[in-house]
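Residue-level structure breakdown
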Amino acid sequence: MKAKAITTLVALAYGACGCGLQVTSGPAWSGERNTAVAMSGGLTMQALRRSNGIVGMRATTRIDNGLEIRSGMVHAGYDFVSEGSRLSIEPGIDFGAGGPVYPIYSGVGAYCGASGNLRVRLLGSGDQEPAYNVAFGFVELVLNPRTGFWIPREGVPTRVYHDGAVEMGLRFGFGSDLGSTSQGLPANKTERRTSKELP
(Lines give C-alpha, C1' and ligand atoms only; values in the text may rest on other atoms or scores of the structure.)
Protein backbone atom coordinates (compact mmCIF):
# COMPACT_ATOMS: atom_id res chain seq x y z
CA MET A 1 0.00 0.00 0.00
CA LYS A 2 2.79 2.37 0.94
CA ALA A 3 4.73 1.52 -2.22
CA LYS A 4 1.62 2.14 -4.34
CA ALA A 5 1.10 5.57 -2.75
CA ILE A 6 4.72 6.53 -3.41
CA THR A 7 4.44 5.35 -7.03
CA THR A 8 1.29 7.45 -7.51
CA LEU A 9 2.96 10.57 -6.10
CA VAL A 10 6.02 10.04 -8.31
CA ALA A 11 3.78 9.66 -11.37
CA LEU A 12 1.92 12.88 -10.53
CA ALA A 13 5.18 14.74 -9.94
CA TYR A 14 6.53 13.45 -13.27
CA GLY A 15 3.57 14.99 -15.09
CA ALA A 16 3.45 18.31 -13.23
CA CYS A 17 6.98 18.76 -11.90
CA GLY A 18 6.14 22.00 -10.19
CA CYS A 19 4.86 23.16 -6.82
CA GLY A 20 3.60 26.36 -5.27
CA LEU A 21 2.94 28.06 -1.94
CA GLN A 22 -0.32 30.00 -2.14
CA VAL A 23 -1.55 32.65 0.31
CA THR A 24 -4.94 34.33 -0.18
CA SER A 25 -7.42 36.37 1.84
CA GLY A 26 -10.95 37.65 1.40
CA PRO A 27 -14.58 37.58 2.59
CA ALA A 28 -16.18 34.26 3.56
CA TRP A 29 -19.74 33.45 4.50
CA SER A 30 -21.41 30.55 6.30
CA GLY A 31 -25.06 29.73 6.75
CA GLU A 32 -27.46 32.52 5.82
CA ARG A 33 -25.86 35.83 6.88
CA ASN A 34 -22.72 35.00 8.84
CA THR A 35 -19.62 36.61 7.33
CA ALA A 36 -15.97 36.86 8.32
CA VAL A 37 -12.57 37.61 6.80
CA ALA A 38 -10.65 34.46 5.91
CA MET A 39 -7.01 33.82 5.15
CA SER A 40 -5.88 30.60 3.47
CA GLY A 41 -2.46 29.10 2.95
CA GLY A 42 -1.63 25.97 1.05
CA LEU A 43 0.83 23.84 -0.87
CA THR A 44 -0.08 22.55 -4.31
CA MET A 45 1.40 20.82 -7.30
CA GLN A 46 1.26 22.79 -10.53
CA ALA A 47 1.18 21.95 -14.21
CA LEU A 48 4.14 23.29 -16.17
CA ARG A 49 4.27 23.61 -19.97
CA ARG A 50 1.24 21.30 -20.40
CA SER A 51 -2.20 20.88 -18.83
CA ASN A 52 -2.17 18.27 -16.10
CA GLY A 53 -3.97 16.97 -13.02
CA ILE A 54 -2.85 18.41 -9.67
CA VAL A 55 -3.30 17.80 -5.95
CA GLY A 56 -2.77 20.07 -2.97
CA MET A 57 -3.70 20.93 0.60
CA ARG A 58 -5.02 24.10 2.24
CA ALA A 59 -5.58 25.44 5.75
CA THR A 60 -8.06 28.27 6.33
CA THR A 61 -7.98 30.68 9.25
CA ARG A 62 -10.27 33.40 10.57
CA ILE A 63 -8.76 36.87 10.99
CA ASP A 64 -10.21 38.19 14.25
CA ASN A 65 -7.77 39.53 16.83
CA GLY A 66 -5.26 36.94 15.64
CA LEU A 67 -5.36 33.88 13.42
CA GLU A 68 -7.68 31.03 14.35
CA ILE A 69 -7.30 27.88 12.24
CA ARG A 70 -10.77 26.76 11.23
CA SER A 71 -10.31 23.96 8.68
CA GLY A 72 -7.96 21.79 6.66
CA MET A 73 -8.67 20.74 3.06
CA VAL A 74 -7.38 18.38 0.41
CA HIS A 75 -7.78 19.68 -3.15
CA ALA A 76 -7.73 17.75 -6.42
CA GLY A 77 -8.25 19.29 -9.83
CA TYR A 78 -6.96 19.95 -13.33
CA ASP A 79 -4.62 22.77 -14.28
CA PHE A 80 -5.31 24.19 -17.75
CA VAL A 81 -2.32 26.02 -19.28
CA SER A 82 -1.78 27.22 -22.83
CA GLU A 83 1.22 28.19 -24.91
CA GLY A 84 2.17 31.85 -24.81
CA SER A 85 -0.45 32.79 -22.20
CA ARG A 86 0.15 34.04 -18.67
CA LEU A 87 -3.38 33.02 -17.68
CA SER A 88 -4.14 29.60 -16.11
CA ILE A 89 -7.39 28.09 -14.85
CA GLU A 90 -7.44 25.40 -12.17
CA PRO A 91 -10.90 24.01 -11.22
CA GLY A 92 -11.20 21.22 -8.68
CA ILE A 93 -12.97 19.62 -5.73
CA ASP A 94 -12.28 19.94 -2.00
CA PHE A 95 -12.70 17.55 0.92
CA GLY A 96 -11.85 18.51 4.47
CA ALA A 97 -12.57 18.67 8.16
CA GLY A 98 -13.08 21.41 10.73
CA GLY A 99 -15.70 24.13 10.61
CA PRO A 100 -16.83 27.24 8.72
CA VAL A 101 -14.73 30.41 8.92
CA TYR A 102 -17.54 31.98 10.91
CA PRO A 103 -18.12 29.57 13.85
CA ILE A 104 -21.80 28.61 13.74
CA TYR A 105 -21.42 25.27 15.51
CA SER A 106 -18.92 23.67 17.87
CA GLY A 107 -16.89 20.54 17.20
CA VAL A 108 -15.45 19.10 14.00
CA GLY A 109 -17.52 18.68 10.86
CA ALA A 110 -16.93 17.32 7.36
CA TYR A 111 -16.69 19.42 4.20
CA CYS A 112 -17.31 18.80 0.51
CA GLY A 113 -17.17 21.49 -2.15
CA ALA A 114 -15.67 22.93 -5.31
CA SER A 115 -13.08 25.63 -5.82
CA GLY A 116 -10.99 27.14 -8.54
CA ASN A 117 -7.90 29.23 -9.04
CA LEU A 118 -7.72 31.83 -11.77
CA ARG A 119 -4.01 32.69 -12.02
CA VAL A 120 -2.10 35.40 -13.86
CA ARG A 121 1.68 35.10 -14.11
CA LEU A 122 3.40 38.24 -12.79
CA LEU A 123 7.05 37.18 -12.69
CA GLY A 124 8.98 34.28 -14.17
CA SER A 125 8.73 32.64 -17.58
CA GLY A 126 10.86 29.52 -17.13
CA ASP A 127 8.08 27.18 -18.26
CA GLN A 128 7.01 29.43 -21.14
CA GLU A 129 10.35 29.53 -22.90
CA PRO A 130 11.37 26.91 -25.51
CA ALA A 131 14.37 25.94 -23.40
CA TYR A 132 15.35 23.20 -20.94
CA ASN A 133 15.51 24.76 -17.47
CA VAL A 134 16.93 22.85 -14.53
CA ALA A 135 15.20 25.13 -12.03
CA PHE A 136 13.10 28.29 -12.16
CA GLY A 137 10.75 30.30 -9.95
CA PHE A 138 7.63 32.34 -10.61
CA VAL A 139 5.01 34.53 -8.90
CA GLU A 140 1.33 34.54 -9.83
CA LEU A 141 -1.69 36.65 -8.87
CA VAL A 142 -4.52 34.33 -7.77
CA LEU A 143 -8.30 34.69 -7.54
CA ASN A 144 -9.75 31.81 -5.48
CA PRO A 145 -13.57 31.48 -5.37
CA ARG A 146 -15.03 28.44 -3.64
CA THR A 147 -18.34 27.03 -2.49
CA GLY A 148 -19.43 23.94 -0.61
CA PHE A 149 -21.26 22.43 2.33
CA TRP A 150 -20.37 21.67 5.94
CA ILE A 151 -21.93 18.66 7.66
CA PRO A 152 -21.63 19.27 11.43
CA ARG A 153 -21.19 16.68 14.14
CA GLU A 154 -24.16 14.79 15.56
CA GLY A 155 -26.38 16.77 17.88
CA VAL A 156 -26.43 19.99 15.82
CA PRO A 157 -30.03 20.80 14.74
CA THR A 158 -29.13 21.96 11.22
CA ARG A 159 -27.59 19.10 9.27
CA VAL A 160 -25.99 21.06 6.41
CA TYR A 161 -24.53 24.57 6.19
CA HIS A 162 -23.64 26.28 2.96
CA ASP A 163 -20.18 27.85 2.88
CA GLY A 164 -18.43 30.11 0.39
CA ALA A 165 -15.58 32.56 -0.07
CA VAL A 166 -13.85 34.73 -2.64
CA GLU A 167 -10.17 35.25 -1.85
CA MET A 168 -7.29 36.90 -3.66
CA GLY A 169 -3.56 36.61 -3.14
CA LEU A 170 -0.27 35.33 -4.50
CA ARG A 171 1.29 32.00 -5.42
CA PHE A 172 5.06 31.56 -5.15
CA GLY A 173 6.14 28.62 -7.29
CA PHE A 174 9.12 26.52 -8.22
CA GLY A 175 9.57 24.25 -11.23
CA SER A 176 12.04 22.15 -13.14
CA ASP A 177 12.24 20.41 -16.52
CA LEU A 178 14.24 17.53 -15.03
CA GLY A 179 11.15 15.31 -14.74
CA SER A 180 8.82 17.13 -17.12
CA THR A 181 7.24 15.10 -19.92
CA SER A 182 7.49 18.19 -22.13
CA GLN A 183 11.27 18.39 -21.74
CA GLY A 184 11.63 22.10 -22.47
CA LEU A 185 8.86 22.45 -25.05
CA PRO A 186 6.23 25.20 -24.86
CA ALA A 187 2.87 24.49 -23.22
CA ASN A 188 0.92 21.43 -24.37
CA LYS A 189 3.52 20.30 -26.95
CA THR A 190 4.52 16.90 -25.66
CA GLU A 191 6.99 15.66 -28.27
CA ARG A 192 10.40 14.98 -26.83
CA ARG A 193 13.42 16.72 -28.32
CA THR A 194 17.02 15.59 -28.50
CA SER A 195 19.87 17.62 -27.08
CA LYS A 196 20.73 18.83 -30.59
CA GLU A 197 17.26 20.34 -31.00
CA LEU A 198 17.38 22.28 -27.75
CA PRO A 199 18.59 25.92 -27.93
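Summary of the structure given here. (Residues numbered from 1 in each chain as written. Predicted model: local features only at pLDDT ≥ 70, side-chain atom pairs only at ≥ 80, totals over all residues. Heavy atoms only, no water.)

1. A look at the overall build of the protein
For the protein, the count of helices and strands is one helix and eight strands. Secondary structure elements of the protein, listed N to C terminal, follow the sequence α-β-β-β-β-β-β-β-β. Burial statistics for the protein: of 199 residues in total, 43% are counted as buried. Long-range pairs, those at least 24 residues apart, make up 62% of the contacts in the protein between residues at least 6 apart in sequence. Carbon and sulfur atoms make up 67% of the accessible area of the protein, which totals about 10300 Å². (Helix = DSSP H or I, 4+ residues; strand = E, 2+ residues; numbered from the N terminus. Buried < 20%, exposed > 50% of the residue type's maximum accessible area, 1.4 Å probe, protein only. Contact = heavy atoms within 4.5 Å. Areas by Shrake-Rupley, 256 points an atom, 1.4 Å probe, with all protein chains shown as cover.)

2. Quick look at the packing of aromatic side chains
Going through the model one piece at a time under the given rule, you end up with four aromatic pairs. Plain terms: the ring middles of Tyr 78 and Phe 80 are 4.8 Å apart, the flat faces sit at 55 degrees to each other, and that makes the pair tilted. Seen in terms of ring centroids, Phe 136 and Phe 138 are 6.4 Å apart; in terms of plane orientation they differ by 40 degrees. Their pairing is tilted. Pair check on accessibility: Phe 136 and Phe 138 agree, each one buried. We note Arg 121 situated over the ring of Phe 138; from NZ or CZ to the ring centre the distance is 4.3 Å. (Phe/Tyr/Trp six-rings, centres within 6.5 Å; stacked < 30°, edge-to-face > 60°. Lys NZ or Arg CZ within 6 Å of the ring centre and 35° of its normal.)

3. Quick word on the environment of Tyr 78
In this fold, Tyr 78 is placed in strand 4 (residues 67–79). Measuring from C-alpha to C-alpha, the distance between Tyr 78 and Ile 93 comes to 9.7 Å, with 15 residues separating the pair along the chain. The residues touching Tyr 78, leaving out its near neighbours within four places in the chain, are Ser 51, Asn 52, Gly 53, Ile 54, Ile 89, Glu 90 and Pro 91. Separated by 3.5 Å, the side chain of Tyr 78 and the backbone oxygen of Ser 51 make a polar contact. (Polar contact = N/O pair within 3.5 Å; in protein donor to acceptor, adjacent residues only side chain to side chain.)

4. Observations regarding the nonpolar core
Judged by nonpolar contacts, Met 73, Tyr 105, Tyr 111, Trp 150, Val 156 and Tyr 161 together constitute the single largest core of six residues. What Tyr 111 contacts, discounting residues up to four positions off in sequence, is Met 73, Asp 94, Phe 95, Gly 96, Thr 147, Gly 148, Phe 149, Trp 150 and Asp 163. The next biggest cluster of nonpolar side chains, apart from the first, holds five residues, and it includes Ala 28, Ala 38, Val 101 and Ala 165. (Core = buried A, V, L, I, M, F, W, Y, C linked by side-chain atoms within 4.5 Å.)

5. Some words on the pattern of salt bridges
Tallied over the entire structure, the rule returns eight salt bridges. Between Arg 119 and Glu 140 there is a salt bridge, and its shortest N-O distance comes to 2.6 Å. Here the residue Arg 119 occupies a position in strand 6 (residues 109–123), and Glu 140 occupies one in strand 7 (residues 136–151), the gap between them amounting to 21 residues. (Salt bridge = Lys/Arg side-chain N within 4 Å of Asp/Glu carboxyl O.)

6. A short note on the sheet that holds strand 6
Sheet strands pair by backbone hydrogen bonding; their relative direction is either parallel or antiparallel. Read once around its circumference, the closed barrel built from eight strands follows the order 1-2-3-4-5-6-7-8, with strand pairing classed as antiparallel. Averaged over all pairs of adjacent strands, the angle between strand axes in this sheet comes to 25 degrees, irrespective of strand direction. Sheet topology note: the strand 2 (residues 34–45)/strand 3 (residues 52–63) ladder contains seven bridges and is antiparallel. Opposite Thr 44, over in strand 3, you have Gly 56 as the bridge partner. (Pairing = 2+ DSSP bridges. Axes fitted to C-alpha atoms, helices over the stretch in contact; angles between N-to-C directions.)

7. Re the pairing of strand 1 (residues 18–30)
Alignment of strand 1 against strand 8 (residues 161–175), held across eleven bridges, turns out to be antiparallel. From the neighbouring strand, Ser 30 faces strand 8, where its bridge partner is Asp 163. For strand 1 and strand 2, the ladder comprises twelve bridges, and the chain directions are antiparallel. Its bridge partner being in strand 2, Leu 21 is matched across the sheet by Leu 43. Between the end of strand 1 and the start of strand 2, which pair antiparallel, lie three residues, with Gly 31 showing a positive phi angle near 70 degrees.

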